[in-house]
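Chain by chain, the residues:
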Amino acid sequence: MKTSTSLRSLLIAVPVMTLMACSSGPSEAELAAERNRVAAEQAAAQQAAEQANQEQVRLEAAQRLQQAQEIAEQERDELMSMQTVYFDFDRATIKADFYNVLDKHAAFLVKNMDQTIVIEGHTDSRGTPEYNIALGERRAQAVETYFLNAGVSASQISVVSFGEEKPAVTGTSEYAFAQSRRAVVVYK
Amino acid sequence: MKKYISQTTILITSILLCVAIKAHAQLNIVITEGVDNATPIAVVPFGWEGEGILPGELSDVINHDLRRSGRFNPMNMSQMPQFPRDISSVNYQSWVDKGINTIVVGKVKELGGDRFQIDFQLIDTQAGSQLEKSGQMLLDGQLVAGQSQLIAGRTLTVTGRDFRQFGHRISDIVYEKLTGQRGAFLTRIAYVAVRDRETVARPYQLVIADYDGENELALLSSKEPLMSPSWSPDGNKLAYVSFENGKPQIFIQDIYTMSRVKLTDFPGINGAPRFSPDGKKIAMVLSKDGNPDIYVMEIATRQLTRVTRHRAIDTEPSWAPNGKELVFSSERGGKPQIYRVNLETNRIKRLTFEGDMNLGGTITPDGTELVVVNRTNGNYHIARQNLNDGAMQVLTTTFLDESPSIAPNGSMIIYSTLHEGTQVLSLVSLDGRFKARLPGVAGQIKAPSWSPFLR
């Protein structure tokens, strides 16, 4: 068995050596270059793959961020459609009907610390303008207090009262009065 | 002679009126109640000695002034028995027969160079008639001494063509001679006009006008609300609140130079500024410490003194004429009522008890009455309360009355009210007998403030 194996090796080796000796095949330098080329290709491919991977990660992160922003914007837009809280005549107490709406604003503000709001307080045109400035501030402060209790940072909130100076609906109907007695959450 | 307008004042006024932009709306007084109580008088059209026609309508201005005071009912020109230009040509009995006991006659003479001489006389026709009957009247066509029929006679030499102002001056003299009270015809009002917020870019305007609504002048136009104009005691400045920076701030503006200064920028409410009677301080409402309280600021140093400290709403400070007390509205007793605070002792006393609530208190110039916005059964009306006996009298019957401001002679209150769905200015005499409306042409007119005497 041993002999036969060596013989077989020889049988293969001789033609190969003969071939190498008599043909003008690739030189040692060429082979090295070839090996380098393959290695470089492999490295490049690897690098590209890594880059692609990183890109993918980056893209996904960006997408996640964008999605988050989109969600925030969507939420904000949604909140914009319910930014007004109405009050009873001569009152600054928040009615239970509006807890749900205010909770949504509060949750959003807690989640998005970069968002800031102005709470505007308004009254109807009954009573004196100066007293109504004070009443409007009280209404805006009632909303502010609700948000603070819900964990919103004070630095996200400012308050301004316009009293009876900017009625939502002009006129002296009960409807106009009711529409004007309000606090409005305005995102900056 | 303090009655005479100084030429400087006339000049300044003329310059102001020339450069000023006219506001769109003009106010025209509509008298709604009270002519029946007024004393008959006749203002005979003034004679004119000059070229062309008499510039300005002197006697018209005097007629309107006297009628709008609520104290007089001037006779229509078409009913006058004669048109005398001076006392020598008055037929006393013809006026007495018409029930006119007092007449104003006069003439204007052109002196050249825009100078005019105005002669006028205020005549008691009844006294004149009696003198005529007793035959003491004329002696060789000369008036005898001791003319008891002549109540007042003046000669004014004036420069310029602001005949409205001269008319107001004559009205002042006539009014004071006949009522014993100083006239307030040479005064102004400041107010806020709100044009259509949908179509006008700067709908909020701070406007000044003569007391009768003439010579309207917009001092300021803004995108954001303007509130609470209040005159300095010299009549040169206004303090007011502007929201132009997205929050209320108190400004002081010179109405002649138009220069303005931002006085306050505290967090929260900066409101209801009122000059002290000496003009050195401003009372105001600030909520920087959590809720609205009354403060007094020294204008020169900006030094702030806190006057009230209460968790309830305190607002609408107004100086007593002596400058030592303020009245203000407070919810400390539940619903808003008027309180008085002594600035030396800080002692506080409740003044009003009648009705659901009382707001916007102001003390009359003589210190005897408190003018308020009274709410009874949900209706807001202007009322007055005697400070000695506490008796309250509701003066108005209009709708949603607010922002009363008293004429410097204490005769009349101007306030804001709703008329046919629009906010307009209205007048009511302090006794409640005379009522008039000053409808604006465009927009809502509010927050009137009557100037001090301007001379």
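Summarised in this report is the structure supplied together with it. (Residues numbered from 1 in each chain as written. Chains lettered and ligands numbered in written order. Predicted model: local features only at pLDDT ≥ 70, side-chain atom pairs only at ≥ 80, totals over all residues. Heavy atoms only, no water.)

**As for the interface of chain A and chain B**
Thought 1: Contacts between chain A and chain B engage 25 residues on the former and 37 residues on the latter.
Thought 2: Interface area for chain A against chain B, summed over the two sides, is near 2,400 Å², with a carbon-plus-sulfur share of 58%.
Thought 3: Among the residues of chain A in contact with chain B, A:Glu130, A:Tyr131 and A:Glu165 are the three that bury the most area, contributing 25% of the side total.
Thought 4: Inspection of the region where chain A meets chain B yields five salt bridges.
Thought 5: As a salt-bridge pair, B:Lys446 and A:Glu165 come within 3.2 Å of each other at their nearest N and O atoms.
Thought 6: The interface formed by chain A and chain B includes twelve residue pairs in polar contact (both at pLDDT 80 or more).
Thought 7: Counting only elements with at least two residues in the side of chain A that touches chain B, the list comes to helix H4 (129-149) and strand S3 (157-163) of chain A.
Thought 8: Looking at the side of chain A that touches chain B, the element that brings in the most residues is H4(A), giving nine residues.
Thought 9: Among the residues making up the side of chain A that touches chain B, the classes are represented as ten nonpolar, seven polar and eight charged. (Contact = heavy atoms within 4.5 Å. Buried area = accessible area lost by both parts, 1.4 Å probe. Salt bridge = Lys/Arg side-chain N within 4 Å of Asp/Glu carboxyl O. Polar contact = N/O pair within 3.5 Å; in protein donor to acceptor, adjacent residues only side chain to side chain. Helix = DSSP H or I, 4+ residues; strand = E, 2+ residues; numbered from the N terminus. Nonpolar A, V, L, I, M, F, W, Y, C, P; charged D, E, K, R; others polar.)

**Quick word on the pattern of salt bridges**
Side chains carrying opposite charge are able to pair once their charged atoms draw close together.
Residue and element names in this part refer to chain B.
Thought 1: Throughout the structure, instances matching the rule amount to 26 salt bridges over all chains.
Thought 2: Among the salt bridges present, the one from Asp212 reaches Arg68, with a minimum N-O distance of 3.6 Å. One end of the pair, Asp212, is in the loop between strand S11 (204-210) and strand S12 (217-222); the other, Arg68, is in helix H2 (residues 58-68), with 144 residues separating them in the sequence.
Thought 3: With a relative accessible area of 14%, Arg68 lands in the buried category.
Thought 4: One salt bridge in this structure joins Glu244 and Arg260, with 2.8 Å as the shortest N-O distance. Pair noted here: Glu244 is in the loop between strand S14 (237-242) and strand S15 (249-254) and Arg260 is in strand S16 (residues 260-264), with a separation of 16 residues, a long-range link. (Buried < 20%, exposed > 50% of the residue type's maximum accessible area, 1.4 Å probe, protein only.)

**Topic: helix H5 (residues 163-179) of chain B**
Since one α-helical turn is 3.6 residues long, residues separated by three or four positions face the same way.
Residue and element names in this part refer to chain B.
Thought 1: For H5, spanning 17 residues, the distance from its first C-alpha to its last is 24 Å, which sits close to the expected 24 Å at 1.5 Å a residue.
Thought 2: Burial analysis of H5 places twelve of its 17 residues in the buried class, which makes it a mostly covered element.
Thought 3: Those residues of H5 that sit buried are Phe163, Gln165, Phe166, Gly167, His168, Arg169, Ile170, Ser171, Asp172, Ile173, Val174 and Tyr175.
Thought 4: Of the residues one or two after H5, Gly180 is the one with positive phi, at around 80°. (Expected span 1.5 Å × (residues − 1).)

**With respect to the sheet that holds strand S30 (residues 412-419) of chain B**
Residues and elements named next belong to chain B.
Thought 1: Spatially, S1-S32-S31-S30-S29 is the arrangement adopted by the five strands of the open sheet, whose pairing is antiparallel. Pairing within the sheet leaves two strands with one partner each, and these edge strands are strand S1 (30-33) and strand S29 (399-406). Pairs of neighbouring strands in the sheet enclose a mean axial angle of 30°, with direction left out of account.
Thought 2: Of the strand pairs in this sheet, S30 and strand S31 (residues 422-429) are connected by eight bridges, and their pairing is antiparallel. Across the sheet, residue His419 finds its bridge partner in S31, namely Thr422. (Pairing = 2+ DSSP bridges. Axes fitted to C-alpha atoms, helices over the stretch in contact; angles between N-to-C directions.)

**Quick notes on the packing of helix H2 (residues 28-80) of chain A against helix H3 (residues 99-111) of chain A**
All names here are of chain A.
Thought 1: Between H2 and H3, the least distance of the axes is 10 Å, while the angle of their chain directions is 150°. Here H2 is positioned roughly antiparallel relative to H3, judged by the angle of their axes. Along this stretch, H2 crosses H3, giving a crossing that reads as left-handed. Judged by residue contacts, Ala72, Glu75, Arg76 and Leu79 of H2 engage Lys104, His105, Phe108 and Lys111 from H3.
Thought 2: Counted by class, the contact of H2 with H3 contains three nonpolar, one polar and four charged residues. (Parallel < 35°, antiparallel > 145°, perpendicular 65-115°, else oblique. Left-handed = near helix turned anticlockwise from the far one by under 90°.)

**Topic: the side chain of B:Thr187**
Residues and elements named next belong to chain B.
Thought 1: You can see Thr187 is positioned in the loop between H5 and strand S10 (188-194).
Thought 2: One polar contact links Thr187 to Trp450, side chain to side chain, over a distance of 2.9 Å.
Thought 3: Residues contacting Thr187, with those up to four places away along its chain left out, are Asp210, Tyr211, Pro408, Trp450, Ser451, Pro452, Phe453 and Leu454.

**Overview of the packing of aromatic side chains**
Thought 1: Per the counting criterion, the structure on display carries 13 aromatic pairs over all chains.
Thought 2: Residues A:Phe108 and A:Tyr187 carry aromatic rings whose centres are separated by 5.7 Å and whose planes lie at 75° to one another, so their mutual orientation is edge-to-face. Taken together, the residues span a long stretch of sequence, with A:Phe108 in helix H3 and A:Tyr187 in strand S4 (residues 182-187) at a distance of 79 residues. Of the two residues, A:Phe108 and A:Tyr187, neither departs from the other in class, the shared state being buried.
Thought 3: When the centroid spacing of 5.4 Å and the interplanar angle of 80° are considered together, the rings of B:Phe163 and B:Phe166 count as edge-to-face. (Phe/Tyr/Trp six-rings, centres within 6.5 Å; stacked < 30°, edge-to-face > 60°.)

**Quick word on empty space enclosed by the protein**
Thought 1: What the rule picks out here adds up to five cavities of 30 Å³ or more.
Thought 2: For the largest cavity, the calculated volume is near 110 Å³.
Thought 3: Around the largest cavity sit B:Arg68, B:Ser69, B:Tyr175, B:Gly183, B:Ala184, B:Phe185, B:Tyr211, B:Asn409, B:Ser411, B:Met412, B:Leu427 and B:Trp450, which together line it.
Thought 4: Residues of the lining of the largest cavity, tallied by class, amount to seven nonpolar, four polar and one charged.
Thought 5: Here the second largest cavity defines a volume of roughly 70 Å³.
Thought 6: Lining the second largest cavity we find 14 residues, and of these A:Phe89, A:Asp90, A:Arg126, A:Asn132 and A:Leu135 sit closest to its centre.
Thought 7: When residues of the lining of the second largest cavity are traced back to their parent elements, those giving at least two are H4 of chain A together with strand S25 (357-363) of chain B.
Thought 8: Counting residues per element, the lining of the second largest cavity draws most heavily on H4(A), at four residues.
Thought 9: Each residue belonging to the lining of the second largest cavity can be placed in one class, and the counts come to six nonpolar, three polar and five charged. (1 Å grid on protein atoms, 1.4 Å probe; cavity = no way out; pocket = protein on both sides within 12 Å on 5 of 7 lines; lining within 4 Å. Points joined across faces, edges and corners; volume = space filled by probe spheres on them.)

**Considering the sheet that holds S14(B)**
Residue and element names in this part refer to chain B.
Thought 1: With antiparallel pairing, four strands are arranged side by side in an open sheet as S13-S14-S15-S16. The two strands at the open ends of the sheet, each matched to only one other strand, are strand S13 (226-231) and S16. Each adjacent strand pair in this sheet contributes to an overall mean axis angle of 25°, direction not counted.
Thought 2: Sheet analysis places S13 next to S14, joined by four bridges and oriented antiparallel. What sits directly across from Leu226, in S14, is Ser242.

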